[in-house]
Amino acid sequence: MKKDYTRWLFVLPAVIIVVALFVYPICSSIFYSFTNKNLIRATYDFVGFKNYADVLVDKNFWNAFFNSLKWTILSLLGQLLVGFTAALALNRVKHLKGVYKTLLIIPWAFPSIVIAFSWKWILNGVYGFLPNILVEWGLCDTPPQFLTERTMAFLVLVFINIWFGAPMIMVNVLSALQTVPQDQYEAAEIDGARRWQSFLYITLPHIKVVMGLLVVLRTVWIFNNFDFIYLITGGGPAGSTETVPVYAYNMGWGTKLLGRSSAVTVLLFLFLMAICIIYFKIIGRWEKEERK
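Since the model is a prediction, treat every value here as computed from it, not as a measurement.

Our focus in this paragraph is the packing of helix α3 (residues 59-92) against helix α12 (residues 244-254). Viewed as axis vectors pointing N to C, α3 and α12 meet at an angle of 145 degrees, and their least axial separation amounts to 8 Å. Every residue of α12 that contacts α3 at N60, F61, A64, F65 and S68 is listed here: V244, P245 and Y247. Considering only residue class, the contact of α3 with α12 consists of six nonpolar, two polar and no charged.

This is the structure:
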C-alpha cells in the first residue's frame, strides 16, 4: 500500500518552528542546567544537581522568587478587577461602544518597549513629566522618586502592568458576556431577581471558564514578564523589583554562569507547570458542572 506523505509537507513548517522556538530551548536549558557551562569558556563539565543546590541556597534567588509572587498576585488581581469592571460597563453601553473599546484597548496595542520607555520618561525623578508637574502644582516640595525608592518602584511597576494588561482581560470578558442568553436575564427579572442575583447565578456561571483560562494565561505571562521590569528599573533599587526572569538573565549574561541560569529557568518552568495543573483541574471541574 502506497503511503501519501503530502499532508506532512503542509505541517512541516509549523513543526520546524515549534521545534526551533520551543522544544530546542527547553531541552538545551535542561541539558546545560546539569553542567558548569560558562559563556566565556568553550568547554564544560557535568556537575549533576550542583547548580540547583547553589540556586536554592542563594538568598537573592528567594528574594526574586517572593518578588515574583507579589508581582504576579498584585498585577493579576488588579488586571482582573479593572478589566472585569470595564467589560461590565461596556456591556451596558448602547452608543459609541466601538469608540470606547478602541480607547480602552490602546495600552495593550503598543509594544512593551515603547510603553516601558514612555513610563520611564514620565516618572524619572530628575526630568520626568509627572514628578516635576507635581512640584509645580505645589503637591510636593521635591520631585517624587518613583523609580528609585524601594516600595514606590515596586508599586509603580505593578500599576503599569495593570494598566497594560487590563484591556486584554476586558476584551475577552466582554466577548464572553455577549454570549450570555438574554432570555435568562428577562426570566430572572420577571421572577423578581435582583441585579446582584442575576450576576451571581446567570452571568458568573456562563463566563467563569473564560475567566479561569484568562487567569491561567495571565499568571504565566505576568510571572515570566521580563521587559517591563528590566527596561524600567533593571531589578533595582537594591533588588526590590528583581523577579526570577530578571535574576536568571543577570545570572546568565551578567556573571556568565549559563549552567546556573539554566537551572533557574528549569525551576521556573516546573513551578509554573505545577500552577497550571492546579488551575486546569479547577477549570475541568467547572466544565463538568456545566455539562450536568
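From this point, things continue past the structure.
Take helix α7 (residues 129-136) next. Regarding α7, the residues found buried are P131, I133 and L134. Note on α7: the residue one or two positions beyond its end, G138, has a positive phi of about 80 degrees.

Ranked by internal contacts, the top residues of the largest apolar core, which has 41 residues, are W71, L123, I160, V173, I207 and M211. Elements supplying a minimum of two residues to this core: α3, α6 (112-123), α8 (150-177), α10 (195-223) and α11 (227-232). The element contributing the most residues to this core is α8, with 14 residues. Contacts of I160, omitting those with residues within four sequence positions, involve I115, W119, L123 and I232. Formed by 15 residues, the second largest nonpolar core is a distinct cluster that contains Y52, F61, A263 and L272.

So, about a nonpolar patch on the surface. A surface patch of nonpolar side chains, amounting to about 1,200 Å² of accessible area, comprises Y5, W8, L9, F10, V11, L12, V15, I16, V18, V19, F22 and V23. Its place among the elements puts F22 in helix α1 (residues 6-32).

Our focus in this paragraph is the environment of L104. Note that L104 resides in helix α4 (residues 97-104). We classify L104 as partly exposed; its relative accessible area is 39%. For the pair L104 and A86, spaced 18 residues apart in sequence, the C-alpha to C-alpha distance is 8.6 Å. Among residues more than four places away in sequence, those in contact with L104 are L90, P167 and M170.

Okay, α3 next. Look at α3: 50 Å from first C-alpha to last across 34 residues, which is about the 50 Å you get at 1.5 Å a residue. The opening residue of α3 is D58, an N-cap whose side-chain oxygen sits 3.0 Å from the backbone nitrogen of N60.

Tallying each qualifying case throughout the model produces 22 aromatic pairs. Considering the side-chain rings of F65 and F66, the 5.7 Å spacing of their centres and the 70 degrees angle between planes classify their relative orientation as edge-to-face. Using a relative accessible area of 47% as the deciding quantity, one classes F66 as partly exposed. One aromatic cluster is present, formed by F61, W62, F65, F66, F223, Y247 and F271 through successive ring pairs.

Turning to unusual backbone geometry, a few remarks are in order. In this structure, the amide linkage connecting G236 to the following residue, P237, adopts the cis form with an omega of 0 degrees. You can see P237 is positioned in the loop between α11 and α12. Even without a glycine there, the phi angle at K256 is positive, about 70 degrees. Classification of K256 as partly exposed rests on a relative accessible area of 28%.

Basis of the calculations
Residues numbered from 1 in each chain as written. Predicted model: local features only at pLDDT ≥ 70, side-chain atom pairs only at ≥ 80, totals over all residues. Heavy atoms only, no water. Axes fitted to C-alpha atoms, helices over the stretch in contact; angles between N-to-C directions. Helix = DSSP H or I, 4+ residues; strand = E, 2+ residues; numbered from the N terminus. Contact = heavy atoms within 4.5 Å. Nonpolar A, V, L, I, M, F, W, Y, C, P; charged D, E, K, R; others polar. Buried < 20%, exposed > 50% of the residue type's maximum accessible area, 1.4 Å probe, protein only. Core = buried A, V, L, I, M, F, W, Y, C linked by side-chain atoms within 4.5 Å. Patch = residues over 30% accessible without salt bridge, like charges linked within 9 Å, V, L, I, M, F, W, Y side chains within 5 Å. Areas by Shrake-Rupley, 256 points an atom, 1.4 Å probe, with all protein chains shown as cover. Salt bridge = Lys/Arg side-chain N within 4 Å of Asp/Glu carboxyl O. Expected span 1.5 Å × (residues − 1). Polar contact = N/O pair within 3.5 Å; in protein donor to acceptor, adjacent residues only side chain to side chain. Phe/Tyr/Trp six-rings, centres within 6.5 Å; stacked < 30°, edge-to-face > 60°.

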